[in-house]
Amino acid sequence: MTTIDTSRPADHGHDDHGHHGSYLKSRGSIWADIINWATTVDHKKIGVMYLVAVLFFFFCGGLMAILLRTDLLDPIRDTATGVTGGSSFLVFNKPESIGAAGQNYNRIMTLHGAIMVFMFIVPGIPASLGNFFLPLMIGAKDVAFPKLNLFSWYVYLFGALFALWSVGMGGVETGWTFYTPYSSSEAVDHANVVLVVLGVFIMGFSSIMTGLNFVVTVHKLRAPGMGWFDMPLFVWAVYATALIQVLATPVIGITTLLLIFERVFGIGIFDPALGGDPVLFQHFFWFYSHPVVYIMILPAMGVISECIAVHARKPIFGYHAIAFSSLAIAGVAFLVWGHHLFTSEGELAAVVFSALTFLVAIPTAVKVFNWVSTLYKGSIALNTAMLYALAFIFTFSVGGLTGLPLATLATDLHLHDTYYVVAHFHYVMFGGMVIGMMAGLHHWWPKMFGKMVSEPISITGFALVFIGFNLTFIIQFILGVNGMPRRYASYIDEFRQMHQFSTIGSWILALGFLIHLFAFLHSMFKGKPAPANPWGGLTLEWEADAPPDEHNFAHEPLVTHGPYDFDDVVPPHCDPADFPLPEPLPAGAKGHH
């Protein structure tokens, strides 16, 4: 573990800065604060700004999802009295024909996917919690390139606004994957498609710069005495994610640029009418977009490792295995993109990619096994962070296991493009990244803002989120197996009750998040002051004040023990009576990893 060397003086030398006050300290006026935040190179403030932005986009994407689910309460029908069904769109914008109703549905669906994937899930944990905590957890004052960090924030914001510009112009209906020929040959939405794709292209640069910054930070700015295997597992996860960001994101950048050239200049690359190949687009797109699944998931796995170890008061089981499994996932992620093309690629390629896909199950199963083993005989505190960590193990396991039939050629051909894929995708993305991010927010909120979150309110929100999420998506497995295709605004009457069941679940899910929003706002304005280490954590961020000092630490930290040595070390800022150490282990026994 890393710890402060309290024997060293606090105010001399290059690395010693003494206390400068909380990073949240006001500059004296609103305008001074706005200018300070807009020009800051402090990784904590940039992390908070990312957090606000990604949560805003999560709200926008979630609103689109509620509209979609409400629309699916009733199938759209073209009757003698006009178009019926499609509840939400009929309220706000009654379509004149079934074609117009479907067009509305497609545009909302595209917005939901594009906002959630490119503006929320991909930057979500790395840019917000990663930016805030990675330097703190390795004992650094900041990231390696603070000005580049600020620049990448503005690039992300610029790209997102560019993409949202298309909303004001009517939106697009290509789906978030921008598959050709939908995105390349349709005359309608010409400018809108270019705007959205250009926004994704710009945001890719932000992702690359953030990843590069994190890689260099981990390599060069670790505190004295911190070896690779003294790093917290969240740092390992963010590091593996950063490698994918740097290596995979350029591919989607080039792909979107080629798509723009095709649309604007009529150069035949993907459009068959121009001599292009639409399957080539799918290969390019998924070569990036399957690794990007792990950009979304790996940081959440790092959060879960921290939450389980701290809130179970137990050394993490299999530290090295979890760390290496993060790198293994990052490596295998580049080998499996072809499983998205089983129905459009050759038989031999399909067999090879099917076999490779099963490899992903090994490192992910290693993580789940080690988390469960860590919980065994742990002193588990069932607070909101831990409840979300436990929910993550359940929901992500469901998502992982339901991926096996999609990796199997015989069953994938039946399930391809059905609601089964929608359910699997959301159990991995929402059940993985979103649930993991909620665990991280509740785990680190007291450190970030110096305020405690009301546990009764948060646990109520958790219960509604967990119930609502499972009601929404578990029924969609059954819908998919029975043949309900995805991306359809209408359906046969036999599916009506299952769709209504799923829609009611989405409303419960939304209510749960509104309660969480209330809990966070209540914490900011009326929450109890947080102690520096409310959970008894041992990683270095818990040595810092709550909220942290502008320069993170009073002086440069020194590593003296492992990150999860709960059997050997009393947590910083904690009373030994509250965290008694166990009896010494027999000679030769190993107390932790």
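Residues numbered from 1 in each chain as written. Predicted model: local features only at pLDDT ≥ 70, side-chain atom pairs only at ≥ 80, totals over all residues. Heavy atoms only, no water.

K.L.:
Please explain the overall build of the chain as it appears in this structure.
P.N.:
For the chain, the count of helices and strands is 18 helices and four strands. Its C-alpha radius of gyration of 24 Å places the chain within 12% of the 25 Å reference for a compact globule of 593 residues. Dimensions of the chain along its principal axes, counting C-alpha atoms only, are 80 × 50 × 50 Å. Taken over 593 residues, the chain has a buried fraction of 58%. When contacts within the chain are restricted to residue pairs at least 6 apart in sequence, long-range pairs at least 24 apart make up 81% of them. Accessible surface, the chain as shown: approximately 23,100 Å² in total, 70% of it carbon and sulfur. Separation of charge centres in the chain, based on 26 positive and 38 negative side chains, amounts to 4 Å. (Helix = DSSP H or I, 4+ residues; strand = E, 2+ residues; numbered from the N terminus. Rg over C-alpha atoms; globule rule 2.2 N^0.38 Å. Buried < 20%, exposed > 50% of the residue type's maximum accessible area, 1.4 Å probe, protein only. Contact = heavy atoms within 4.5 Å. Areas by Shrake-Rupley, 256 points an atom, 1.4 Å probe, with all protein chains shown as cover. Lys, Arg positive; Asp, Glu negative; His and termini not counted. Charge placed at Lys NZ, Arg CZ, Asp CG, Glu CD.)

K.L.:
Any chance you could explain the packing of aromatic side chains here in plain terms?
P.N.:
Aromatic rings in a pair are described by how distant their centres are and how their planes are angled relative to each other. Throughout the structure, instances matching the rule amount to 50 aromatic pairs. Here Phe287 and Phe334 contribute two aromatic rings whose centre-to-centre distance is 6.0 Å and whose plane-to-plane angle is 55 degrees, an arrangement assigned as tilted. Here Phe287 is found in helix α9 (residues 278-311), whereas its partner Phe334 is found in the loop between α10 (319-332) and α11 (347-359), with 47 residues between them in sequence. On the basis of relative accessibility, which here comes to 17%, the residue Phe334 falls in the buried class. Here the aromatic rings of Phe394 and Phe466 are separated by 5.9 Å at their centres, their planes lie at 55 degrees, and the arrangement is tilted. With Phe394 in helix α13 (residues 384-401) and Phe466 in helix α17 (residues 455-481), the pair connects residues that are 72 residues apart, well separated along the chain. (Phe/Tyr/Trp six-rings, centres within 6.5 Å; stacked < 30°, edge-to-face > 60°.)

K.L.:
Even after reading the chapter, I still don't get the side chain of Gln476, so can you show me in this structure?
P.N.:
Looking at the secondary structure, you find Gln476 in helix α17. Judged by relative accessible area, which is 2%, Gln476 ranks as buried. A polar contact of 3.0 Å, which involves the side chain of Gln476, links it to the side chain of Ser502. Among all residues touching Gln476, those that are not within four sequence positions of it are Arg69, Tyr419, Tyr420, Val422, Ala423 and Ser502. (Polar contact = N/O pair within 3.5 Å; in protein donor to acceptor, adjacent residues only side chain to side chain.)

K.L.:
Looking at this structure, how should I read empty space enclosed by the protein?
P.N.:
To find leftover empty space, a probe the size of one water molecule is rolled over the atoms. Applying the stated criterion to the full structure yields three cavities of 30 Å³ or more. Volume-wise, the largest cavity comes out at about 180 Å³. Looking at the largest cavity, it is lined by 17 residues, and the ones nearest its centre are Phe118, Val122, Pro123, Met203 and Ser207. Elements represented by at least two residues in the lining of the largest cavity include exactly α4 (98-138), α7 (190-220) and α8 (233-265). Classifying every residue of the lining of the largest cavity by side-chain character gives 11 nonpolar, six polar and no charged. Lining the second largest cavity we find Thr110, Leu111, Ala114, Ile115, Met119, Ala163, Leu164, Ser166, Val172 and Val196. Secondary structure elements with two or more residues in the lining of the second largest cavity: α4 and α5 (146-168). (1 Å grid on protein atoms, 1.4 Å probe; cavity = no way out; pocket = protein on both sides within 12 Å on 5 of 7 lines; lining within 4 Å. Points joined across faces, edges and corners; volume = space filled by probe spheres on them. Nonpolar A, V, L, I, M, F, W, Y, C, P; charged D, E, K, R; others polar.)

K.L.:
What should I look at first to understand the pattern of salt bridges in this one?
P.N.:
Should their charged atoms come close, side chains of opposite charge can pair. According to the stated counting rule, one finds five salt bridges in the structure shown. For Asp74, the salt bridge goes to Arg496, with nearest N and O atoms at 3.2 Å. Of the two residues, Asp74 is situated in the loop between α2 (43-71) and β2 (77-79) and Arg496 in helix α18 (residues 496-526); the sequence distance between them amounts to 422 residues. The class of Arg496 is partly exposed, set by a relative accessible area of 28%. Through salt bridges with shared partners, one network takes in Asp74, Asp493 and Arg496. (Salt bridge = Lys/Arg side-chain N within 4 Å of Asp/Glu carboxyl O.)

K.L.:
How should I be thinking about the packing of α2 against α4 in this particular structure?
P.N.:
Any two packed helices are characterised by how steeply their axes cross, that is the angle between the axes, and by the distance between the axes. Relative orientation of the contacting elements α2 and α4 amounts to 155 degrees, with a least axis distance of 7 Å. By the angle between their axes, α2 is roughly antiparallel relative to α4. Relative to α4, α2 is oriented so that their crossing is left-handed. Classifying every residue of the contact of α2 with α4 gives 25 nonpolar, eight polar and two charged. (Axes fitted to C-alpha atoms, helices over the stretch in contact; angles between N-to-C directions. Parallel < 35°, antiparallel > 145°, perpendicular 65-115°, else oblique. Left-handed = near helix turned anticlockwise from the far one by under 90°.)

K.L.:
Help me understand the packing of α10 against helix α12 (residues 361-375) in this model?
P.N.:
Close contact between α10 and α12 brings their axes to 8 Å; oriented N to C, the two are set at 155 degrees. Between α10 and α12, the interaxial angle falls into the category roughly antiparallel. Where α10 crosses over α12, the two elements pack in a sense that is left-handed. In contact with Ala321, Ile322, Ser325, Ser326, Ala328 and Ile329 of α10, α12 contributes Pro363, Thr364, Val366, Lys367, Asn370 and Trp371. Grouping the constituent residues of the contact of α10 with α12 by class yields seven nonpolar, four polar and one charged.

K.L.:
Got a minute to help me understand the environment of Ile316 in this structure?
P.N.:
On the secondary structure map, Ile316 appears in the loop between α9 and α10. Exposure remark for Ile316: the relative accessible area of 2% places this residue in the buried category. Sequence spacing of Ile316 and Val172 is 144 residues, and the spatial spacing of their C-alpha atoms is 46 Å.

K.L.:
What is the right way to look at unusual backbone geometry in this model?
P.N.:
Peptide bonds are trans in most cases, and residues, glycine excluded, mostly fall at negative phi. Cis geometry is adopted by the peptide bond preceding Pro181, which originates at Thr180 and carries an omega value of 5 degrees. With respect to the helices and strands, the residue Pro181 is situated in the loop between α5 and α6 (182-185). The step from Ala546 to Pro547 runs through a cis peptide bond, and the omega angle for that step is -5 degrees. When you line up the elements, Pro547 lands in the loop between α18 and β4 (558-559). In this model, Lys377 sits at a positive phi of 65 degrees, which is unusual for a non-glycine residue.

K.L.:
For this particular structure, what's the right way to read the side chain of Ser183?
P.N.:
Locating Ser183 in the fold gives a position in helix α6. Taking relative accessible area as the criterion, Ser183 reaches 0% and is therefore assigned buried. With sequence-adjacent residues up to four places away left out, Ser183 is seen in contact with Thr174, Phe178, Val193, Leu259 and Arg263.

K.L.:
Would you explain the environment of Ser490 in this entry?
P.N.:
Along the chain, Ser490 falls in the loop between α17 and α18. Along the sequence, Ser490 and Ala101 sit 389 residues apart, while their C-alpha atoms lie 9.7 Å from each other. Apart from the residues lying within four places of it in its own chain, the contact partners of Ser490 are Pro75, Ile76, Arg77 and Met484.

K.L.:
Can you walk me through the confidence of the model for the chain in this structure?
P.N.:
Low pLDDT marks stretches whose predicted atomic positions should not be read closely. Per-residue confidence for the chain gives a mean pLDDT of 88, with 92% of residues at or over 70. Note that pLDDT drops below 50 for residues 1-18; the model gives that stretch 57 contacts with residues more than four away or on any other chain. (pLDDT = per-residue confidence, 0-100.)

K.L.:
Sorry if this is basic, but what is going on with α2 here?
P.N.:
Side chains that are three or four residues apart share a direction in an α-helix, a result of its 3.6 residues per turn. Compared with the 42 Å implied by 1.5 Å per residue over 29 residues, the 42 Å span of α2 between its first and last C-alpha is a close match. For α2, the N-terminal cap is Asp42; the gap from its side-chain oxygen to the backbone nitrogen of Lys44 is 2.8 Å. (Expected span 1.5 Å × (residues − 1).)

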